[in-house]
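# Overview (structure and organization)
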Amino acid sequence: MYRIFFILFSILQSFSSTADALIASNTKSINMDECPSFIVSIGTENNHICGGALISQRHVLTSELCVQNQRAKNLKVSIGPTDLLSDSNYEYVNVESVMRFDDWIKRHHSTFYPNNDIAILTLKQAVTDVKPGLINDTSLNINFYGKNVVTVGWEQDDDKNLLRCLQTSVLKVLTPDQCNENLYRLTGSRFKINEKYFCTIGASQLLGKENEGSPILYNNLIIGVNHGKFIDIIGDRHVEQDLHIGLEYYQRFIQDILSNA
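On a predicted model such as this, the values are computed, not experimentally measured, just so you know.

With that settled, the discussion passes to the overall build of the protein chain. Scanning the protein chain from N- to C-terminus turns up 6 helices and 14 strands. Burial statistics for the protein chain: of 261 residues in total, 52% are counted as buried. When contacts within the protein chain are restricted to residue pairs at least 6 apart in sequence, those whose partners lie at least 24 apart make up 70%.

This is how it looks when you write it as structure tokens:
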């Protein structure tokens, strides 16, 4: 049986020239006028948990991991935050409900598809002063292999403290074969990436737990959601890989939630 492991350092070795260029220059702080207005912070009172994207006046797209074990009534969404410690540049909106893809698919279909990490939050009130992000609803994951995409989030420092200012980074999308081949060279075993996912190299410091659910953008269109890091121990080696879930398999879910608001 195939096992899923995703290993960043092996990939960086194989694509060292590209990765070095990305890591050296692609991460920067951004101001409010540079940031897509639909980027949100999801959390509880005064506590950032993860990222997301406003996709309608009342809906936020994020990862299921982001809101697992969280009750909707305890969640707040900060709209347009570039500085997590400043109250002056964003507004809080309470969450009315959380719909996880796994719950939705069980209600609508007899077949259950595993390995999903998508959720949509419905807000208690409409956000009327922010233009929602647009989802790329036509392209397949394969169309982005080898392309540069963008993620936005909050970086951690060396002591694992969350930096207050929003960062943006450029990532390069890898093909499943590139990921699998690197895994084979490192471990001597064959692996298979679930077709719903795609992996990248670039700014792994923006792709930790604090940025699960943050959107992956191509030409300012949302093409995926940050899943975070797959981490495992192989022998005495700590291995990890940045991973994202594409939206091509979730269009019906997204449209159904938005149309029934």
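What follows picks up the thread again.
What follows covers the packing of aromatic side chains. Using the criterion set out here, one finds 5 aromatic pairs in the structure. Centre to centre, the rings of Phe 101 and Phe 253 are 5.4 Å apart; their planes meet at 85°, and the pair counts as edge-to-face. A residue pair is termed long-range when its members are at least 10 positions apart, and Phe 101 in helix 4 (residues 101-108) and Phe 253 in helix 6 (residues 251-259) qualify at 152 residues. A relative accessible area of 1% means that Phe 253 is categorised as buried. With 5.3 Å between their ring centres and 65° between their planes, Phe 144 and Tyr 218 make a pair best called edge-to-face. Here Phe 144 is found in the loop between strand 8 (134-135) and strand 9 (148-156), whereas its partner Tyr 218 is found in strand 12 (residues 215-218), with 74 residues between them in sequence. In this structure an aromatic cluster arises from ring pairing among Phe 101, Trp 104, Tyr 250 and Phe 253.

So, about the side chain of Asn 226. Here Asn 226 shows up in strand 13 (residues 221-234). A polar contact is formed between the side chain of Asn 226 and the backbone oxygen of Asn 211, at a distance of 2.8 Å.

What follows is about the pairing of strand 2 (residues 39-44). Counting buried residues in strand 2 gives 5 out of 6 residues, a clear majority hidden from the surface. Note that strand 2 and strand 3 (residues 47-56) share 6 bridges and pair antiparallel. Bridged to Val 40 within strand 3 is Gly 52. Here strand 2 folds back onto strand 3, and the loop between the two strands holds 2 residues, one of which, Asn 46, carries a positive phi near 60°. Relative to strand 5 (residues 76-79), strand 2 runs antiparallel, the two being bridged by 4 bridges.

The strands that make up a sheet pair up through hydrogen bonds in the backbone, lying either parallel or antiparallel. The antiparallel closed barrel is built from 6 strands, whose spatial order is 2-3-4-7-6-5. Averaged over all adjacent pairs, the angle separating strand axes in this sheet is 45°, with direction ignored. Here strand 5 pairs with strand 6 (residues 91-100) via 4 bridges, running antiparallel. Across the sheet, residue Ser 78 finds its bridge partner in strand 6, namely Tyr 92. Packing of helix 6 onto the sheet brings it into contact with strand 3, strand 4 (59-62), strand 6 and strand 7 (119-123), and relative to strand 7 it is tilted by some 10°.

Among the residues of helix 4, Phe 101, Asp 102, Trp 104 and Ile 105 are the ones counted as buried. In a view along the axis of helix 4, the buried residues occupy a sector of 160°, so they form one face of it. In this structure, helix 4 carries Lys 106 and Arg 107 as exposed residues pointing more than 90 degrees from its buried face. Those residues of helix 4 hidden inside the fold are in contact with helix 3 (64-67), strand 6 and helix 6.

Turning our attention to the state of the cysteines. A full pass over the atoms with the stated rule returns 1 disulfide. Note that Cys 50 is cross-linked by a disulfide to Cys 66, the S-S spacing being 1.5 Å. Of this pair, Cys 50 sits in strand 3 while Cys 66 sits in helix 3, placing them 16 residues apart in sequence. With relative accessibility at 4%, the residue Cys 66 sits in the buried group.

Let's shift gears to the environment of Ile 118. Within the element layout of this structure, Ile 118 appears in the loop between helix 4 and strand 7. The buried category is assigned to Ile 118, whose relative accessible area is 0%. C-alpha separation for the pair Ile 118 and Asp 102, spaced 16 residues apart in sequence, amounts to 8.2 Å. Setting aside anything within four residues of it in sequence, one finds Ile 118 in contact with Leu 61, Thr 62, Ser 63, Glu 64, Arg 100, Phe 101, Val 225, Ile 245, Leu 247, Tyr 250 and Phe 253.

Rules of the game
- Residues numbered from 1 in each chain as written.
- Predicted model: local features only at pLDDT ≥ 70, side-chain atom pairs only at ≥ 80, totals over all residues.
- Heavy atoms only, no water.
- Helix = DSSP H or I, 4+ residues; strand = E, 2+ residues; numbered from the N terminus.
- Buried < 20%, exposed > 50% of the residue type's maximum accessible area, 1.4 Å probe, protein only.
- Contact = heavy atoms within 4.5 Å.
- Phe/Tyr/Trp six-rings, centres within 6.5 Å; stacked < 30°, edge-to-face > 60°.
- Polar contact = N/O pair within 3.5 Å; in protein donor to acceptor, adjacent residues only side chain to side chain.
- Pairing = 2+ DSSP bridges.
- Axes fitted to C-alpha atoms, helices over the stretch in contact; angles between N-to-C directions.
- Arc of directions from axis to C-beta.
- Disulfide = S-S within 2.5 Å.

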